[in-house]
Amino acid sequence: MTYVPESMPQPTTMEAAAYAANIGFGSIIVNVEDRFFASHVPVFIDISDGSAKELRFHLAARNEMVQALNNSPHAVVIVRGPDGYISPKWYDHENVPTWDYAVVQLEGEVATLNTPALKAHVLELLYKFDPDFKVRDAYIDQYLSWIKGFSIPSPKIEPVFKLSQDKNKASIEGVLSGLRSRGEDLDQSLAQAIQRWYPSSAHE
């Protein structure tokens, strides 16, 4: 669990799951006997019938995390959206610097994908991100020997969105203006996230 102040209203778990699914990349974290393992990989979140049915991912067969998951099949997956420094100069009142971000955490017991399920997972990633690309079936079968696939059925979903939603309208407008003017790599995406998730949440 992550601390989220009550002043920071969050998306619903389904909204958060859809947001994470659209990003499609996450950090898998496992703890085994006080040792942490982390891998950063594509993830596919299967959303149907109004819920997140399963999260699927794969690792290189030689990755130490494969054995770690066999020993301790419980993982946290962190999917990160845009983030950025927020200057207090952008507020209409005295305040301190902070950081805005959009993160979705998913957690659950990990199961191993069998070979047909692993192949389907590789293809679902391909169809999602590069639907016009064609690859020989024989090559995919060969590729399967190099990887191991895993799933987290019905993952617990926790949105952790800190997007200035506790600020008043004038301050949020200042944050949006500041991000757009600064123009660093993620600033435009962060401004879009603020507007998308909290278009009318500013305190009057």
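Presented here is an overview of the structure given in this document. Just so it is clear, the structure is predicted and the values come from calculations on it, not from any experiment.

Time to look at a nonpolar patch on the surface. Taken together, the side chains of F133, V135, Y139 and W146 make up a nonpolar region of the molecular surface, amounting to roughly 370 Å² of accessible area. With respect to the secondary-structure elements, Y139 resides in helix α4 (residues 137-143).

With that settled, consider the packing of aromatic side chains. In the structure shown here, the tally under the stated rule is seven aromatic pairs. Considering the side-chain rings of F57 and F150, the 5.6 Å spacing of their centres and the 25° angle between planes classify their relative orientation as stacked. In this pair, F57 sits in strand β3 (residues 51-60) while F150 sits in strand β7 (residues 147-153), placing the two residues 93 residues apart along the sequence. What makes F57 buried here is its relative accessible area of 0%. Measuring from centroid to centroid gives 5.4 Å for F161 and W197, while their planes differ by 85°, and the two rings are edge-to-face. Of this pair, F161 sits in strand β8 (residues 156-162) while W197 sits in helix α6 (residues 187-197), and the two are 36 residues apart along the sequence. W197 carries the same exposure label as F161, and that label is buried. An aromatic cluster of at least three residues, connected via ring pairs, comprises Y19, F161 and W197.

Let's shift gears to helix α5 (residues 169-182). End to end, α5 covers 20 Å across 14 residues, agreeing with the expected 20 Å (1.5 Å per residue, within 8%). Within the span of α5, buried status applies to S171, I172, G174, V175, L176, G178 and L179. Measuring from the backbone nitrogen of A170 back to the side-chain oxygen at the start of α5 gives 3.3 Å, which picks out N168 as the cap. One or two positions beyond α5, positive phi appears at G183, with a value near 70°.

Right, let's get into the sheet that holds strand β4 (residues 74-86). Read from one edge to the other, the open sheet built from eight strands follows the order β6-β7-β3-β2-β1-β4-β5-β8, with strand pairing classed as antiparallel. Edge strands, defined here as strands with exactly one partner in the open sheet, are β6 (111-112) and β8. Pairing between strand β5 (residues 98-109) and β8: seven bridges, direction antiparallel. For V103, the partnering residue across the bridge sits in β8 and is V160. Packed onto the sheet, α6 meets β4, β5 and β8 and runs at close to 105° relative to β4.

Two elements in contact, α5 and α6, have axes whose closest approach is 8 Å; the angle formed by their N-to-C orientations is 155°. What the angle tells us is that α5 and α6 run roughly antiparallel. Of the two possible hands of crossing, α5 and α6 adopt the one that is left-handed. Residue-level contacts link I172, V175, L176, L179, R180 and R182 of α5 to D187, Q188, L190, A191, I194 and Q195 of α6. Taken together, the residues of the contact of α5 with α6 break down into seven nonpolar, two polar and three charged.

Thresholds, definitions, all that
- Residues numbered from 1 in each chain as written.
- Predicted model: local features only at pLDDT ≥ 70, side-chain atom pairs only at ≥ 80, totals over all residues.
- Heavy atoms only, no water.
- Patch = residues over 30% accessible without salt bridge, like charges linked within 9 Å, V, L, I, M, F, W, Y side chains within 5 Å.
- Areas by Shrake-Rupley, 256 points an atom, 1.4 Å probe, with all protein chains shown as cover.
- Salt bridge = Lys/Arg side-chain N within 4 Å of Asp/Glu carboxyl O.
- Helix = DSSP H or I, 4+ residues; strand = E, 2+ residues; numbered from the N terminus.
- Phe/Tyr/Trp six-rings, centres within 6.5 Å; stacked < 30°, edge-to-face > 60°.
- Buried < 20%, exposed > 50% of the residue type's maximum accessible area, 1.4 Å probe, protein only.
- Expected span 1.5 Å × (residues − 1).
- Polar contact = N/O pair within 3.5 Å; in protein donor to acceptor, adjacent residues only side chain to side chain.
- Pairing = 2+ DSSP bridges.
- Contact = heavy atoms within 4.5 Å.
- Axes fitted to C-alpha atoms, helices over the stretch in contact; angles between N-to-C directions.
- Parallel < 35°, antiparallel > 145°, perpendicular 65-115°, else oblique.
- Left-handed = near helix turned anticlockwise from the far one by under 90°.
- Nonpolar A, V, L, I, M, F, W, Y, C, P; charged D, E, K, R; others polar.

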